[in-house]
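# Structure at a glance
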Amino acid sequence: MLLYNGCMATTRIYGAESRPSQPSFYIANRVDEVALAAILKTLGGAEGVALMIEEVLYPSPAVMNVVKKSACKVLTFNFRKSDSRTLREQLMELMQEGKDVLYIPGRPNSIIGTNSDVPMPFMMQLGALHIAPVPVFVGMYRNHIRRAFTSGNDYDFLTIDFLPKLQPGPQTGERLLEVWLEGGCKRYSENPVFDKSLPRLIVEGMRKNASVELVDGLDGTSLPYGKMLGVAMALSRWLKKNVKEPRLGIILPPGKGGVIANIACFLAGIVPVNINYTSSDGAFESIVRQSGIKHFVTARAFMSKLPQFPWPKGEAIIHLDKTLKSLGMPAIAGWVTFAKVAPMPLIAKTFGLDDRSGDDEVALLFTSGSSGEPKGVPITHRMLISNIAQLLSKAWVPEGSPILCSLPIFHSFGLAITTVMPLLYGFGMVTFPSPLEAKSLNDLIEKHKCVIVVSTPTFARSMLRRAKANTYDSVKYFVVGAEKLQKTLADEFEAKCGKKLLEGYGLTETTPVCGVNLDEIGPTEEQPYYVPGVKMGSIGQLMPGLAVRVTDPDDDNVRLPISEQGMIWFKGPNVFSGYIGREDLNAEIFRDGWFKTGDLGSVDLNGFLTLGGRRSRFSKIGGEMVPHEVVENAIEDFVELPEGFTGRAVAVMGVPDAAKGEALVLLSAVHQGQLNQALEDIKNPLVAQGLPRLWAPREIIPVEAIPALPTGKMDLKGCQILAYEALNIPH
């Protein structure tokens with residue numbers, strides 16, 4: 001590693017000693033004046049370097065000042081007018097003269113935190129030159145957990161990676177982007193801010209934003225963060241004394257109690273296990289067995305609302321309301337004062353805040369079990385901190401902005417984005433115990449002017465039915481995930497309320513955010529070139545610091561270009577290290593540090609990921625892989641919904657078939673009679689949309705409702721049971 005000091009930032013240079021000995025074509029993802037000066041110095045200056053600049057996507061005046069001072073030969077071209085073969089000849093002549101050629105990207109219009117300043121058309125044009133380039137990844141980082149990665153000039157340190165020269169061949173743009181993302185992942189992961197203690201950061205954030213409030217949407221009460229921290233401190237001391245196990249179950253919905261219980265666990269050095277309170281007896285028993293928990297925090301009022309839940313007996317239950325009352329108001333008031341006035345070093349010593357950090361487990365989540373037994377995902381300090389920083393490197397949200405917090409805390413988005421993130425950065429919390437009560441949620445959004453709403457398409461459809469035109473005027477980001485966003489719903493939402501639904505994607509195993517659509521960016525009169533912030537049909541750009549690769553769905557050893565649909569693999573600081581107690585499964589899903597997601601998808605040259613569905617949601621019919629979700633989406637686009645219908649209309653499932661291996665059947669909550677005619681009415685529009693007749697369902701199975709999990713995801717196991725029961729198939 002070389003160090004280069006330019007302006008006020010330190011520049012770290014990697015891989016310079018491994019550069020090709022022969023003149024080469026270098027392509028950087030972005031440059032500013034500091035990066036360019038360092039790259040030119042590394043390459044040897046004017047004698048050995050020529051520069052390539054597009055005359056419309058022009059670099060900034062500061063960069064051009066470095067160009068002029070360098071006295072390097074400059075080759076200008078116009079993307080829309082230049083011929084690739086002529087441009088290639090000019091580049092080859094420069095390289096034959098003994099010069100390295102460096103392409104300097106300008107600054108297109110883009111959102112903050114974009115990985116690359118080279119828009120898709122330029123990636124295609126540069127690839128069409130058919131000169132194997134040396135990729136250069138320039139990363140700009142901050143010594144702060146908010147916006148740890150930046151694409152602006154507000155960075156604290158800058159990294160420049162000279163990466164291995166690509167092999168000659170087609171699809172240069174795809175390969176270039178792939179190695180840039182992997183280089184960025186390595187440097188992002190090394191940021192020392194991710195080694196910090198999550199409890200320390202929460203305490204610092206809540207003290208800094210002591211007057212910001214959690215508003216409980218159920219009873220209308222509010223609790224300032226400063227006071228809430230004191231209550232959590234009081235509870236944490238009680239937990240430290242009375243809970244001897246390393247993990248503690250929490251069975252509470254979003255609200256004051258659930259947030260306080262989680263903070264108290266963090267402060268006490270106990271790992272919270274937020275439990276799905278809609279779990280079956282078998283799933284609950286599995287969670288308890290796998291996690292080894294013996295005590296559970298809940299509230300008597302909440303228990304009374306769930307009489308069917310398999311509640312533990314006797315002293316295993318810690319009643320939050322009863323416990324806080326037993327501590328006494330004077331003691332709690334003392335801790336509130338301590339939280340407010342005590343020096344931070346004293347607080348850190350009192351609670352051992354720095355005893356646990358980095359790769360230590362800070363929470364344990366369980367997958368939804370939509371397709372089998374719940375799997376335990378250990379969440380570390382590093383995973384949570386880095387993923388929240390990834391999101392806020394791309395989304396700009398002012399401190400104090402209220403967030404609607406209705407997703408269950410046992411859900412990865414509910415824990416990371418609507419519980420921990422507001423505490424770290426001083427966003428207001430407007431909580432509600434259920435994401436299902438659309439009218440109540442709309443009223444809260446409108447009353448408290450929420451800026452961020454996170455939901456699912458199914459829940460969003462229900463909210464839309466009960467919304468007024470101005471209900472979401474305050475909302476900057478209305479993000480939906482967990483299921484595919486239908487274009488019809490997106491169009492209807494925007495037409496009625498003037499807001500775009502922004503599709504995102506995450507996994508419990510990635511803590512959770514992998515990608516999300518954010519702000520719309522387009523051309524301007526001054527700058528016609530741009531890197532978009534939204535691409536409908538995709539789940540958005542990949543998060544900074546997250547690397548991706550694609551393999552053949554049927555052979556993990558066969559790499560595909562990232563632009564071709566295949567199995568998605570991730571690597572990054574937000575990616576987990578394996579399921580607890582499942583070494584057999586871990587061996588199948590990890591390879592050389594890469595995590596196999598089980599999802600199929602592809603990445604375009606702007607870094608947008610488009611999903612093709614879960615590998616498990618495909619059926620092999622007559623040798624052809626048929627995606628269930630594509631068929632579902634096509635049917636939902638034309639099926640007529642009854643008045644007031646808000647749930648999921650249909651679900652496609654695969655069942656055994658003696659002739660073709662598998663067949664598709666359609667679970668339908670909207671077809672209850674004349675099923676033969678309804679089946680024909682479905683088959684013809686599918687074919688009209690261009691889908692093969694082989695993809696049409698064999699029969700319709702009427703159901704009262706499509707099974708769904710509390711998070712809004714389809715309950716695949718429940719759907720499969722319904723299909724098998726209707727067809728008398730053993731299961």
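Now for a quick tour of the structure. Just so we're clear, the structure is a prediction, and the values are computed from it rather than from any experiment.

Okay, the sheet that holds strand E32 (residues 650-657) next. Judged by pairing direction, the sheet is mixed, and its three strands sit side by side in the order E32-E33-E34 without closing on themselves. Only two strands of the sheet have a single neighbouring strand rather than two, namely E32 and strand E34 (699-702). On average, each strand axis in the sheet is inclined to that of its neighbour by 35°, with strand direction left out of account. As defined by bridge partners, strand E33 (residues 661-668) adjoins E34 across four bridges and the pair is classed as parallel. From the neighbouring strand, serine 668 faces E34, where its bridge partner is proline 702. Strand contacts of helix H21 (residues 675-688): E33 and E34, with the helix running at about 120° to E34, the strand carrying the most contacts. Across the face of the sheet, helix H22 (residues 716-726) comes into contact with E32, E33 and E34 while running at roughly 55° to E32.

For the rest of this paragraph, the subject is unusual backbone geometry. Excluding glycine, most residues fall at negative phi; most peptide bonds, likewise, are trans. Proline 512 follows threonine 511 through a cis peptide bond whose omega is 0°. Within the secondary structure, proline 512 is located in the loop between strand E21 (501-506) and strand E22 (513-516). Although it is not a glycine, glutamine 171 sits at a positive phi angle of roughly 55°. Examined against the element boundaries, glutamine 171 turns out to sit in the loop between strand E8 (157-162) and helix H5 (172-189). Here aspartate 592, not a glycine, exhibits a phi torsion of approximately 55°, which is positive.

Right, let's talk about helix H4 (residues 120-128) for a bit. Listing the buried residues of H4 in full gives Phe122, Met123, Gln125, Leu126 and Gly127. Just beyond H4, the residue with positive phi is histidine 130, at close to 60°.

Phe25, Met52, Tyr103, Leu239, Met421 and Phe570 are the most contacted members of the largest nonpolar core, which totals 163 residues. Not counting residues within four places of it along the chain, the set of residues in contact with methionine 421 comprises Ile388, Leu391, Leu392, Ile403, Ala416, Phe427 and Ile452. In terms of nonpolar packing, the next biggest core, distinct from the first, is built from 37 residues, Val631, Ala649, Val665 and Trp695 among them.

Attention now moves to the environment of glutamine 486. When you line up the elements, glutamine 486 lands in the loop between strand E20 (477-480) and helix H18 (487-497). Between the C-alpha atoms of glutamine 486 and isoleucine 521, which are 35 residues apart in sequence, the distance is 22 Å.

Attention now moves to the pairing of E8. Of all the six residues making up E8, six are buried; the element is thus mostly covered by neighbouring parts of the structure. The two faces of E8 match: Phe157, Thr159 and Asp161 on one face and Leu158, Ile160 and Phe162 on the other face are all buried. As defined by bridge partners, strand E7 (residues 134-141) adjoins E8 across six bridges and the pair is classed as antiparallel. Counterpart to glycine 139 in the pairing with E8 is threonine 159.

Moving on, we get to the sheet that holds strand E12 (residues 271-274). Two pairing modes exist for strands in a sheet, parallel and antiparallel, and in both the strands are linked by backbone hydrogen bonds. Strand order in the open sheet made by the four strands is E12-E11-E13-E14, with parallel pairing throughout. Here the strands that pair on one side only, and so sit at the sheet edges, are E12 and strand E14 (317-319). Recorded for the sheet is a direction-independent mean angle of 30° between the axes of neighbouring strands. One ladder, built from two bridges, connects strand E11 (residues 247-250) with strand E13 (residues 296-298); its direction is parallel. Counterpart to isoleucine 250 in the pairing with E13 is valine 297.

What follows deals with the layout of surface pockets. The volume enclosed by the second largest pocket comes to roughly 1100 Å³. If you trace the second largest pocket, you find 44 residues lining it, with Leu218, Pro253, Pro254, Phe302 and Pro433 closest to the centre. Looking at the lining of the second largest pocket, the elements with two or more residues in it are helix H7 (225-242), helix H8 (256-268), helix H10 (300-305), helix H11 (320-327), helix H12 (329-341) and helix H17 (457-465). Of the residues that constitute the lining of the second largest pocket, the class distribution is 27 nonpolar, nine polar and eight charged.

Turning next to empty space enclosed by the protein. Enumeration over the complete set of coordinates arrives at four cavities of 30 Å³ or more. What the largest cavity holds in volume is close to 150 Å³. Along the wall of the largest cavity there are 17 residues; nearest its centre are Leu391, Ile417, Ile452, Val454 and Val479. Residues belonging to the lining of the largest cavity are distributed by class as follows: 15 nonpolar, two polar and no charged. In this structure, the second largest cavity spans a volume of roughly 110 Å³. Lining the second largest cavity are 13 residues, with Asn115, Ser116, Gln541, Asn606 and Gly607 sitting closest to its centre. Only H5 and strand E23 (541-542) provide two or more residues apiece to the lining of the second largest cavity.

Right, let's talk about the packing of helix H6 (residues 198-208) against H7 for a bit. Where H6 contacts H7, the axes come no closer than 7 Å and their chain directions differ by 140°. Classed by the angle they form, the pair H6 and H7 counts as oblique. Handedness of the crossing formed by H6 with H7: left-handed. Contacts between H6 and H7 involve Val203, Met206 and Arg207 on the former and, on the latter, Tyr225, Gly226, Met228 and Leu229. Across the contact of H6 with H7, the residue classes tally to five nonpolar, one polar and one charged.

Here we take up the pattern of salt bridges. Across all of its chains, the model carries 32 salt bridges by this definition. Among the ionic pairs, lysine 256 bridges to aspartate 219, the shortest N-O distance being 3.4 Å. In this pair, lysine 256 sits in helix H8 while aspartate 219 sits in the loop between strand E9 (213-216) and strand E10 (222-224), placing the two residues 37 residues apart along the sequence. Its relative accessible area of 47% is what places aspartate 219 among the partly exposed residues. Each of the salt bridges in this network shares a partner with another, and the network as a whole consists of Asp161, Lys186, Arg187 and Glu190.

Across three bridges, E21 lies against E22 in antiparallel orientation. Following the sheet pairing, tyrosine 505 is matched in E22 by glycine 515. Pairing geometry for E22 and E23, over two bridges, is antiparallel. By the bridge assignment for E23, valine 516 is matched with glutamine 541.

What counts as what
Residues numbered from 1 in each chain as written. Predicted model: local features only at pLDDT ≥ 70, side-chain atom pairs only at ≥ 80, totals over all residues. Heavy atoms only, no water. Pairing = 2+ DSSP bridges. Helix = DSSP H or I, 4+ residues; strand = E, 2+ residues; numbered from the N terminus. Axes fitted to C-alpha atoms, helices over the stretch in contact; angles between N-to-C directions. Contact = heavy atoms within 4.5 Å. Buried < 20%, exposed > 50% of the residue type's maximum accessible area, 1.4 Å probe, protein only. Core = buried A, V, L, I, M, F, W, Y, C linked by side-chain atoms within 4.5 Å. 1 Å grid on protein atoms, 1.4 Å probe; cavity = no way out; pocket = protein on both sides within 12 Å on 5 of 7 lines; lining within 4 Å. Points joined across faces, edges and corners; volume = space filled by probe spheres on them. Nonpolar A, V, L, I, M, F, W, Y, C, P; charged D, E, K, R; others polar. Parallel < 35°, antiparallel > 145°, perpendicular 65-115°, else oblique. Left-handed = near helix turned anticlockwise from the far one by under 90°. Salt bridge = Lys/Arg side-chain N within 4 Å of Asp/Glu carboxyl O.

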